[in-house]
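What follows is each chain in one-letter form.
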Amino acid sequence: MSDTSASGGPERQPIWSRPERGSRGPAPAHSRDGIVVAAIALADTEGLAAVSMRAVAAALGTGAGSLYRYLSSRDDLLDLMTDRAVAELRPYPQVEGDWLETMVLLGRRQLALFGAHPWLLDVIHRPSGIGPESVAWFDNCIRILEPVRCPVPAKFEAIAMMTGVVSLFARRESAAGAFSFAGVDLAAYPHLVAAFRQPAGPAPRADLVERTLRSLLTGLLLAESTEAG
C-alpha cells in the first residue's frame, strides 16, 4: 500500500523540512508547537483515535481549516506529536558506570515515556515519524555504545530491539488484567502441572524488564564483539 497524503503525492516532504506555516493568509493566531501540545493533551486523555484536525482545532478554539496553514494532514500532526514526545527522553544520562547500566536506564525511561503517552506505541514505528528528536536519541545511544567493539550495524540492531522489547512491556502493562491460569483445568497438561509443583525458589534480584534488557543487549552486542575480535 502506497503512502499518500493530503499533498496528493506518494512521498510527502517531511514536516521537519517545511516552513512553520504558509506565507499566505492572515497573521498567525497559533503556532505549530501549540497545535502539537494540544494534540498530545487530547491523545493523552481520550486516545489517539480522538485526534483529528477538527478536534484539535476545537481544543484551540478555531476551525479545522486554520490548522492547514501549519500542517498538510493528520499524518504531519502524528509525526510532530511523536517527535515532541520523544524529546521528553532528554536530558540524556551521562555514562557514569558502564555502557550496559546506562542503556538499561534508557530502556526504563522509554518504558516510563510509553506509560505517560500510551498512544505513542501506535505511532513510534511509523517511518515518517523519525524526526530530529528520534535521530538525536539514536545518536545518544551510539555515543553510549562507543566502548563496545562490534560492528555499527549490530549496535543499530540492538537499539531497535531494545525499543521493540520495551514497547512489548509497555503494552503488557497497559493491558487490562494479568495473564493467569486461574480457573483453567490443567489435568490434560502434565508439563504445566509438574512445573507448578516445583519449589518456586528465590525471586530474581532484578525485575523482568531489567533482566530482559541486560540479556538482550549483552547477547546481541558482546557476541558480535567477540566475533569481530
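What you see as residue numbers is a count from 1 along each chain, following the sequence as written. Where totals are concerned, whole chains, interfaces and linings use all residues; where local detail is concerned, this predicted model gives features only for residues with pLDDT of at least 70, and gives and counts side-chain atom pairs only at 80 or more. Calculation of side-chain values draws on the structure's entire complement of heavy atoms; hydrogens and water are dropped beforehand.

## Structural notes on the overall build of the chain
Now for step 1: Numbering goes from the N terminus for both helices and strands, where a helix is a DSSP run of H or I of at least four residues and a strand is a run of E of at least two. Tallying secondary structure elements over the chain gives nine helices and zero strands in all.
Now for step 2: Along the chain, helices (α) and strands (β) appear in the sequence α-α-α-α-α-α-α-α-α when read from the amino end.
Now for step 3: In the chain, which comprises 229 residues, the proportion classed as buried is 38%.
Now for step 4: A separation threshold of at least 6 residues defines the contact pool for the chain, and within that pool the share at least 24 residues apart is 73%.
Now for step 5: Counting only carbon and sulfur atoms, one obtains 58% of the accessible surface of the chain, whose full area is about 13,400 Å². Throughout this description, buried means an accessible area under 20% of the type-specific maximum (1.4 Å probe, protein chains only), exposed means over 50%, and partly exposed covers the range between. Contacts: residue pairs with any heavy atoms within 4.5 Å of one another. Note on areas: these come from Shrake-Rupley sampling with a 1.4 Å probe, and a residue is covered only by the protein chains present in the view.

## Quick notes on the side chain of serine 73
Now for step 1: Assignment of secondary structure puts serine 73 in the loop between helix H3 (64-67) and helix H4 (74-86).
Now for step 2: Exposure remark for serine 73: the relative accessible area of 8% places this residue in the buried category.
Now for step 3: A distance of 3.3 Å separates a polar atom in the side chain of serine 73 from the backbone nitrogen of aspartate 75. Pairs of N or O atoms are called polar contacts if they sit within 3.5 Å, as long as, within protein, a hydrogen donor faces a hydrogen acceptor (for residues adjacent in sequence, only side-chain-to-side-chain pairs).

## Considerations on the packing of aromatic side chains
Now for step 1: Pairing of aromatic rings covers Phe, Tyr and the six-membered ring of Trp, with a centre-to-centre limit of 6.5 Å; geometry is then stacked below 30 degrees between planes, edge-to-face above 60, and tilted otherwise. For the coordinates displayed, the defined rule picks out two aromatic pairs.
Now for step 2: Judged by centre distance (6.2 Å) and plane angle (20°), the rings of phenylalanine 138 and phenylalanine 156 are stacked. Of this pair, phenylalanine 138 sits in helix H6 (residues 132-144) while phenylalanine 156 is found in helix H7 (residues 152-174), placing the two residues 18 residues apart along the sequence.
Now for step 3: Of the residues examined, phenylalanine 156 reaches a relative accessible area of 40% and is grouped as partly exposed.
Now for step 4: Members of the aromatic cluster, each reached through a chain of ring pairs, are Trp137, Phe138 and Phe156.

## Remarks on H4
Now for step 1: Expected span of a helix: the number of residues minus one, times 1.5 Å. Relative to the 18 Å expected for 13 residues at 1.5 Å per residue, H4 spans 18 Å between its end C-alpha atoms, a close match to the ideal helical length.
Now for step 2: The element H4 is extensively covered by neighbouring structure, given that 10 of its 13 residues are classed as buried.
Now for step 3: Every buried residue belonging to H4 is among Asp76, Leu77, Leu78, Asp79, Leu80, Met81, Thr82, Asp83, Ala85 and Val86, and all of these are buried.
Now for step 4: The inward-facing, buried residues of H4 abut helix H1 (32-46), helix H2 (53-59), helix H5 (99-116) and H6.

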